[in-house]
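# Structural overview
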Amino acid sequence: MAEPVVETENIAKEFSGVRVLNDINIEINRGEIFGLIGENGAGKSTLIKIINGIYQPTEGRFFFEGEEVEKMDPFRAKEIGISTIPQEFNLVDHLNVYENIFLGQEYQKNALLLDRKRMKQMTQELMEELEADISPEDRIGEISVAQKQMVEIAKAIAYESKLLIMDEPTTVLTSNEIEVLFSLMRDLSDQGVTIVYISHKLREVKKICNRVMVLRDGEFISLQSTDEVTEHDMANMMVGRELNQMFPETTPPEEEPVLEVKGLSSRDGRVENTSFQLKKGEILGFAGLVGAGRTELAETILGIREKKEGEILIKGEKLEVSSPRQAVDNGVAYLPEDRQSTGIIANFEVPKNITLISLQKYIRNFLISRKREKDKTQDYIDEFNIQVPSVDSKLETLSGGNQQKVSLVKSLDTEPEIFIFDEPTRGIDISAKMDIFNFINELVQSGISVIFISSELEEIIGMANRVAVMREGSISGILEGDEITEERIMYHATGLETRAV
Amino acid sequence: MKTSKTYLTKTKNFLKEIDLSKYGPLIAVIVLVVASSFASPYFLRWRNITNVLRQISYTGIIALGMTFVIIAGGIDLSVGSMTAFVGGIVIIMVNHFGGGVLAIFIAIAVAVLMGAAAGAFNGLIITKGKVAPFIVTLGTWGMFRSLTLYISGAGEFRTNSQLFSEIGMGYFLNIPIPVWVLLVFTAFYGILLNRTKFGRYACAIGSNERVAKYSAINVSKIKFITYIITGFNVAITSVLLSSRLNSINPTTAGSGFELDAIAAVIIGGTALSGGTGSVLGTLLGAIILGIVNNMLNLLGVSPYLQGTVRGLVIIGAVLIQRQRS
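Since the model is a prediction, treat every value here as computed from it, not as a measurement.

A separate point is the overall build of chain A. Each helix and strand in chain A was counted, giving 17 helices and 23 strands. Taking 2.2 N^0.38 as the reference for a compact globule, 501 residues should give roughly 23 Å; the C-alpha atoms of chain A span a radius of gyration of 24 Å, in line with that estimate. Based on the C-alpha atoms only, the size of chain A along its principal axes is roughly 70 × 50 × 50 Å. When each of the 501 residues of chain A is scored for burial, the buried share is 43%.

What follows is the structure in structure tokens.
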């Protein structure tokens, strides 16, 4: 029955003498959904890049459908039926959805003209299959991140692949969208398509995959049926030690509110009539579907997004004009959702990034004291264990996790009293997640209040004192104590249950 | 045999180690000076050197301001016609107030105000109107030239003030006054770029405007100021140029300055896409263009071909920078 599609024999990969993948032997069977997990740097990406031809292995042999593939490259991979849904989107913003899906593989009516009708038709069908509300004519630049992910998925399945590699496809999707994706994956698997599924979300891996392989530091650790392992086992194998409690103990906040938002609406209508209070030392979780307006609410409070009406009070004092600078001066810090485009400047050195918001502190007689900048940076590097080639390295030379730390430190350097975290754990591994949770916990211990926006219900439930659920730009419910359950949050998020606040 | 080979690879490695975008312009200046002094015995004469430096000071001063505009992700095409416009007004002022010391002070003050206002106009439309800098300054490029022609009634602006021409013709410590201005401005703007909040913010905006906005930087204000700086520098150039010539030709004055200024900035290692740049690099870029021009003159190359050579220098400089990154 089991017919191997992909086989590797002692695959190894070295980068300038450093072995990042060692002696990997795998067999992936036709129609199987094969989970691949490991921490950042474990070698997952390297392994899939060998399978889809981007890297050449230093050692070892690779077989596809029983035949050895010697000279592998991305074109050859596509030819033999391997598609990849990459972690980072590979879409052209200025083109339409259908133009992106068929980019480089356009159907022609004749030698000169494109067969647009056929491509639109096929795109429409793909979108219906994915239950995605996307028109073939939508411009990529104007659709949401979740929709872009759906387009990437549609693009990959449009090519009738035999092997589909999915690298973290669900990070930006909501539970409903994930369900749709999973049922599609099962259909594909029934049709004989083999899927390699990479994710940090162990629950999903257990749910959707037949077998799961764990990599750690480039080494093969285990390969088991998902029926035989628990999420906890997987986490332990990835990290290589017994993990204790994932979330730190929550501490009760003080009664005094530090931030009050009353009837806040944004000019563009993305936030409507939103009211809530944040207490001193509290972690207030913000849950909701993608597009529910959580990031937009944060941006309106920060003055990045224009306010239409409503009041923002910080420690009882009303913020009259809203500008980002004013929010910072009033002790509000923000860790943005999208690190690359809003958090850090890749071609700036570490100190310049860290002091970007708080630069005034480093100025003496109109001039920036580079020494003070560097000293402070060194302190942060030691305190947060940021891995850098040198203090003066540019951010682009740092790994994703360390960039995230710099982004965090940059906001921290403004000495905030209110810290808004927007999806702080997206795309990072378990150890780094636990670091963030502990960091947030230390913040609240020291009296800082935290708004914690996350699409991971488990995190919200584990971390927050109270949970505000948003739907269509407004808060549809605020949950406390025993009310904080996955079911109740989803009811509010989808509008099946609303309660006045 | 073997030693020469190792020597060669050593030099090669050494050359690879050098950050060309940083030291490239300096190396180019040194190479050009050495080559030129061999090519022509006149080149190293003090008179020739000060002449070259004086010639580059007009567009050089403008290029210093342009450096900030480009670093913050913008461009200013209007500087050439702005030079003629402000220069014309300078001469009108000098004549109107009688050509004395007071007249010159008033003329300079008015020039600075006009230049800053013209820059502010560009900056305002770009930031508040959210129109692309290329379009806005292309528009004002045409406007300033047309206004200059209108005011002049198509004749030349002329003055007979001997005192006024002292500024552009004069020397201090054997170095022409415009060159002093260029050098002092380079030092000042170098500090402004590297050591102040404004300079840091300009780089941040040019690197990633969204990050700058999220980092509580007032993006519009910083961009606006870069255009005012450029307008101010244009005003200073206008004063130096009109006093040197004692006249401003409304049709030709400042013509092509925008391209020379942008070229100096780019040759000096500032990325046209913004984000990083160097004020000293811009000065060196202007010097490179000046030496190339001077050599072509000394060697008797047809003036019609000089534009070709200058074009090749600009393209070559960018190609070298590309290759490195």
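Here the narrative resumes, following the displayed structure.
So, about the pairing of strand β8 (residues 163-167) of chain A. Residue and element names in this part refer to chain A. Judged by how many residues are buried, β8 sits mostly within the fold: four of five residues are covered. Direction of pairing for strand β7 (residues 82-85) relative to β8: parallel, over a ladder of four bridges. Note on β8: the bridge partner recorded for I82 is L163. Remark: the β8/helix α6 (residues 175-190)/strand β9 (residues 194-198) crossover connection has right-handed handedness.

Residues and elements named next belong to chain A. When the domains of chain A are assigned, the result is domain 1 (4-239), domain 2 (244-331 + 416-501) and domain 3 (346-415). For domain 1 and domain 2, the distance between their C-alpha centroids amounts to 33 Å. Facing the 14 residues of domain 1 at the interface are eleven residues of domain 2. When contributions to the side of domain 1 that touches domain 2 are tallied by element, the ones reaching two or more residues are α5 (145-158) and α8 (231-239). For the side of domain 1 that touches domain 2, the leading source of residues is α8, giving three residues. Each residue belonging to the side of domain 1 that touches domain 2 can be placed in one class, and the counts come to six nonpolar, six polar and two charged.

What follows covers the sheet that holds strand β22 (residues 466-471) of chain A. Residue and element names in this part refer to chain A. What the six strands build is an open sheet, ordered β17-β20-β21-β14-β22-β23; its pairing is mixed. Because the sheet does not close on itself, it has two edges, and the strands there are β17 (332-335) and β23 (474-480). Neighbour-to-neighbour, the strand axes of the sheet open up by a mean angle of 20 degrees, direction not taken into account. The strands that helix α14 (residues 400-412) touches are β17 and β20 (418-422); relative to β17, the one it contacts most, it runs at about 170 degrees.

A separate point is the packing of helix α4 (residues 116-129) of chain A against α5 of chain A. All names here are of chain A. With their axes 10 Å apart at the nearest point, α4 and α5 run at an angle of 115 degrees to one another. Classified by the angle between their axes, α4 and α5 sit roughly perpendicular to one another. Along this stretch, α4 crosses α5, giving a crossing that reads as right-handed. Between α4 and α5, the residues in contact are M122, L126 and M127 and A154, I157 and A158, respectively. Here the contact of α4 with α5 is composed, by residue class, of six nonpolar, no polar and no charged.

Our next topic: the interface of chain A and chain B. The partner chain B presents 16 residues to the 20 residues of chain A that form the contact. Those elements giving two or more residues to the side of chain A that touches chain B turn out to be α10 (324-329), α11 (339-343) and β19 (367-368) of chain A.

Quick look at the nonpolar core now. I420, I451 and F452 of chain A together with A111 of chain B are the most contacted members of the largest nonpolar core, which totals 162 residues. Both domains that meet at this core, namely domain 2 (244-331 + 416-501) and domain 3 (346-415) of chain A, each give it at least three residues. F452 of chain A has contacts with I283, L284, G285, F286, F421, I440, I460, M463 and A464 of chain A, leaving out every residue within four places of it along the chain. In this structure, Y98, F102, L164 and V205 of chain A belong to the second largest nonpolar core, which totals 60 residues.

Here the focus is the confidence of the model for chain B. All names here are of chain B. Summing up the model confidence of chain B, the mean pLDDT is 88 and the portion of residues at 70 or higher is 93%. Mean pLDDT across the secondary structure elements of chain B bottoms out at helix α1 (residues 2-17), with 59, and peaks at helix α11 (residues 219-245), with 95. Model confidence for the complex is summarised by a pTM of 0.77, with the ipTM given as 0.81.

The rules behind each value
- Residues numbered from 1 in each chain as written.
- Chains lettered and ligands numbered in written order.
- Predicted model: local features only at pLDDT ≥ 70, side-chain atom pairs only at ≥ 80, totals over all residues.
- Helix = DSSP H or I, 4+ residues; strand = E, 2+ residues; numbered from the N terminus.
- Rg over C-alpha atoms; globule rule 2.2 N^0.38 Å.
- Buried ≥ 20, exposed ≤ 12 C-beta atoms within 10 Å, placed from the backbone.
- Pairing = 2+ DSSP bridges.
- Right-handed = clockwise from strand over helix to strand, strands pointing away.
- Domains from an automatic or database assignment.
- Contact = placed C-beta atoms within 7 Å.
- Nonpolar A, V, L, I, M, F, W, Y, C, P; charged D, E, K, R; others polar.
- Axes fitted to C-alpha atoms, helices over the stretch in contact; angles between N-to-C directions.
- Parallel < 35°, antiparallel > 145°, perpendicular 65-115°, else oblique.
- Left-handed = near helix turned anticlockwise from the far one by under 90°.
- Core = buried A, V, L, I, M, F, W, Y, C linked by C-beta atoms within 7 Å.
- pLDDT = per-residue confidence, 0-100.

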